[in-house]
Amino acid sequence: MQITEIYKSLQGESTYAGLPCVFVRLTGCNLRCTWCDSEYTFHGGRKMSLEDVIVEVKHLSSAGGLVEITGGEPLLQEREVVPLMSRLLEDGYRVLLETSGERPLERVPAGVIKIVDVKCPHSGEADTFRAGNLAVLRPRDEVKFVLSSRTDYEFAREFTRQHALAGRVNAVLFSPAFRKNATGGRDSSHCLLDPQELAEWMLADEVPARLGLQLHKFIWDPALKGV
Ligand code: SF4
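If you're wondering where the values come from, they're calculated on a predicted model, not measured in any experiment. (Residues numbered from 1 in each chain as written. Predicted model: local features only at pLDDT ≥ 70, side-chain atom pairs only at ≥ 80, totals over all residues. Heavy atoms only, no water.)

How do you make sense of the sheet that holds strand S7 (residues 142-147) when you look at a structure like this?
As a general point, the strands of a sheet are linked pairwise by backbone hydrogen bonds and lie either parallel or antiparallel. Across the sheet, which stays open at both edges, the nine strands sit in the order S3-S1-S2-S4-S5-S6-S7-S8-S9 with mixed pairing between neighbours. Of all strands in the sheet, those bounded by a partner on one side alone are strand S3 (46-47) and strand S9 (210-211). Sheet topology note: the strand S2 (residues 20-26)/strand S4 (residues 65-70) ladder contains five bridges and is parallel. Bridge pairing links Val 22 to Val 67 in S4. Where helix H3 (residues 150-162) meets the sheet, it contacts S7 and strand S8 (171-176), and its direction lies at approximately 160° from that of S7. (Pairing = 2+ DSSP bridges. Helix = DSSP H or I, 4+ residues; strand = E, 2+ residues; numbered from the N terminus. Contact = heavy atoms within 4.5 Å. Axes fitted to C-alpha atoms, helices over the stretch in contact; angles between N-to-C directions.)

Could you clarify how one ought to interpret the state of the cysteines in this entry?
What is meant by a disulfide is a covalent connection between two cysteines, made through their sulfur atoms. Taken as a whole and assessed by the stated rule, the structure comprises zero disulfides. Free cysteine Cys 191: the closest other cysteine sulfur is in Cys 120, separated by 15 Å. With a relative accessible area of 11%, Cys 191 lands in the buried category. (Disulfide = S-S within 2.5 Å. Buried < 20%, exposed > 50% of the residue type's maximum accessible area, 1.4 Å probe, protein only.)

Please clarify how the pattern of salt bridges should be interpreted in this entry.
Oppositely charged side chains can pair when the atoms bearing their charge come close. Within this structure, the stated rule accounts for 19 salt bridges. Between Glu 56 and Arg 46 there is a salt bridge; the shortest N-O distance is 3.2 Å. Of this pair, Glu 56 sits in helix H1 (residues 50-60) while Arg 46 sits in strand S3, and the two are ten residues apart along the sequence. A residue is classified by how much of its surface remains accessible, and Arg 46, at 37% relative accessible area, is partly exposed. (Salt bridge = Lys/Arg side-chain N within 4 Å of Asp/Glu carboxyl O.)

Put into structure tokens, the structure is as follows:
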């Protein structure tokens with residue numbers, strides 16, 4: 001499979017935020033979100049076998065723990081990444097899969113915790129969510145909306161209500177988008193949508209969702225890769 005990087009850091013998002021995690025970042029994406037901060041994954045990378053990846057994960061975290069499969073869009077390499085996820089589960093890791101919501105999820109192994117995006121209008125990739133994926137969500141999974149405007153927020157709020165997401169999954173995450181060229185200061189001024197404003201909207205509307213901030217961008221320079 002084609003891999004951009006494998007590294008250990010703290011998980012920055014989801015209900016697992018703050019926990020040590022090994023990230024396996026696969027190369028390539030078929031979407032082009034306006035605020036994407038992972039454009040360096042679109043090309044390049046190195047070819048690695050399943051065994052190569054396992055050796056590197058074990059080197060970084062020998063005693064099990066959290067591994068996130070991410071990208072790019074990891075399910076573009078489904079034929080390789082599904083056996084990889086199965087193997088990591090067999091070896092005792094807790095496996096998270098970050099995916100755009102556009103790829104089918106049926107073949108993701110049952111033990112994997114899926115963190116599934118629903119792209120909002122101002123992402124530039126509206127309407128890419130695969131409706132059939134709703135039926136594949138399990139109580140341990142999480143659904144994430146990255147928001148850059150009031151329009152995005154209203155879309156996420158209505159989608160959450162319409163599909164009763166809170167009752168289907170472990171968490172519904174509303175996360176302000178970061179400016180993709182953010183660098184320097186480690187504060188919320190880089191968010192395209194003010195977290196305070198978002199928090200107030202969520203409270204006023206009693207949305208059954210969790211506000212998520214990308215923790216790693218408040219710990220390290222937002223421009224740093226591999227953290
Ligand atoms: S799906 Fe993810 S990797 Fe692909 S363009 Fe959107 S944010 Fe970037």
